[in-house]
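Given next are the chains, with one letter for each unit.
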Amino acid sequence: MLFRQLYEPLSSTYTYLLGCEQTGQAVLIDAVVNAIERDLRVLKDLGLKLAYTLETHIHADHITAARHLKERTGSRIAAPAMDRLPCTDHGILDGVPFEMASVRIEPIHTPGHTDGHFAYRAGDRVFTGDALLIDGCGRTDFQNGDAVALYRSVRERLFGLPDDTLVYPAHDYQQRRVSSIGQERARNPRLGGERTEQEFVKLMADLNLPYPKFIDYALPGNRECGLCPEGLPENLKAHCERMEQSPQG
Ligand SMILES: [Fe+2]
């Protein structure tokens, strides 16, 4: 499988490219609208055609590139079925493999950050979205977030994967790139080790995080699979403007 981890600095989002060497088809997990030109360039450099974009959840901090990439490349939009977005071409269901040529992805429903959140396992990698981050986890105070649900999703489902499964999160604010299930199960300061459900719920309730600055624009935009809203305030415009260059890995 061809594989790239791409970083979008404005929202600190990792986008993952998975490609099939035999057919030249690719899927992008959590593509970001302002990084479209970078994604298209990477696909071209690798000689791949984008078959699908795939979302872990409805994002609050950036707008997905799904709709624009569909317009530019003819790719299809895959997203969790339970979010019931009319713009979705393929609804992801728990435990039903998502297959694109030789790339096989196992969807794992991991509610808690949002109720419709999915992680995706592909071989010895797992794309954990905002459920499990490196030494952290996504917030649980918006979008039907639920700390109890997140605790159970991570501890019962993700930590049930083999120790050496590589953890690729949707974000990292310090540009750490990869971890493993064994490492997070033992050392994740929020969810690892002996942390109890009760302790985790209190810890999340006590975070007192600020109101997300882009959420009021991102949610309606992402419910349309990536429409940039009109009238974006000056300080948020960069979320919908194309990056010319972007660091990539
Ligand atoms: Fe999120």
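To keep things clear, this report deals only with the structure shown in the data block. (Residues numbered from 1 in each chain as written. Predicted model: local features only at pLDDT ≥ 70, side-chain atom pairs only at ≥ 80, totals over all residues. Heavy atoms only, no water.)

### Some points on the side chain of T110
1) Next: The residue T110 is located in the loop between β8 (103–109) and β9 (118–122) in this model.
2) Next: Look past the residues within four positions of T110 in its chain and what remains in contact with it is H117, F118, A119, A131, S153 and L158. (Helix = DSSP H or I, 4+ residues; strand = E, 2+ residues; numbered from the N terminus. Contact = heavy atoms within 4.5 Å.)

### Side note on the layout of surface pockets
To find leftover empty space, a probe the size of one water molecule is rolled over the atoms.
1) Next: In this structure, the largest pocket spans a volume of roughly 690 Å³.
2) Next: Lining the largest pocket are 31 residues, and of these D61, D130, R139, H171 and Y173 sit closest to its centre.
3) Next: A class-by-class count of the residues in the lining of the largest pocket yields 15 nonpolar, eight polar and eight charged. (1 Å grid on protein atoms, 1.4 Å probe; cavity = no way out; pocket = protein on both sides within 12 Å on 5 of 7 lines; lining within 4 Å. Points joined across faces, edges and corners; volume = space filled by probe spheres on them. Nonpolar A, V, L, I, M, F, W, Y, C, P; charged D, E, K, R; others polar.)

### Let's talk about helix α3 (residues 147–157)
1) Next: All buried positions along α3 are accounted for by A147, A149, L150, Y151, S153 and V154.
2) Next: Looking at the buried residues of α3, the elements they touch are α5 (197–205). (Buried < 20%, exposed > 50% of the residue type's maximum accessible area, 1.4 Å probe, protein only.)

### Describing the sheet that holds strand β10 (residues 125–129)
1) Next: Pairing within the open sheet is mixed, and its six strands lie in the order β7-β8-β9-β10-β11-β12. Two strands lie at the open edges of the sheet, namely β7 (98–100) and β12 (179–180), each paired on one side alone.
2) Next: Alignment of β8 against β9, held across four bridges, turns out to be antiparallel. Paired with I108 across the strands is A119, a residue of β9. (Pairing = 2+ DSSP bridges.)

### Focus: the sheet that holds strand β4 (residues 49–54)
Hydrogen bonds between backbone groups are what pair the strands of a sheet, and the pairing can be parallel or antiparallel.
1) Next: Taken together, six strands build an open sheet; the order of strands is β1-β2-β3-β4-β5-β6 and the sheet is mixed. The sheet is open, and its two borders are formed by β1 (2–8) and β6 (90–92), each paired with just one other strand. Going from strand to strand, the sheet's axes swing by 25° on average, the running direction of each strand aside.
2) Next: Of the pairings in the sheet, the one linking strand β3 (residues 25–29) to β4 comprises five bridges and is parallel in character. Directly across from V27, in β4, lies its bridge partner Y52. (Axes fitted to C-alpha atoms, helices over the stretch in contact; angles between N-to-C directions.)

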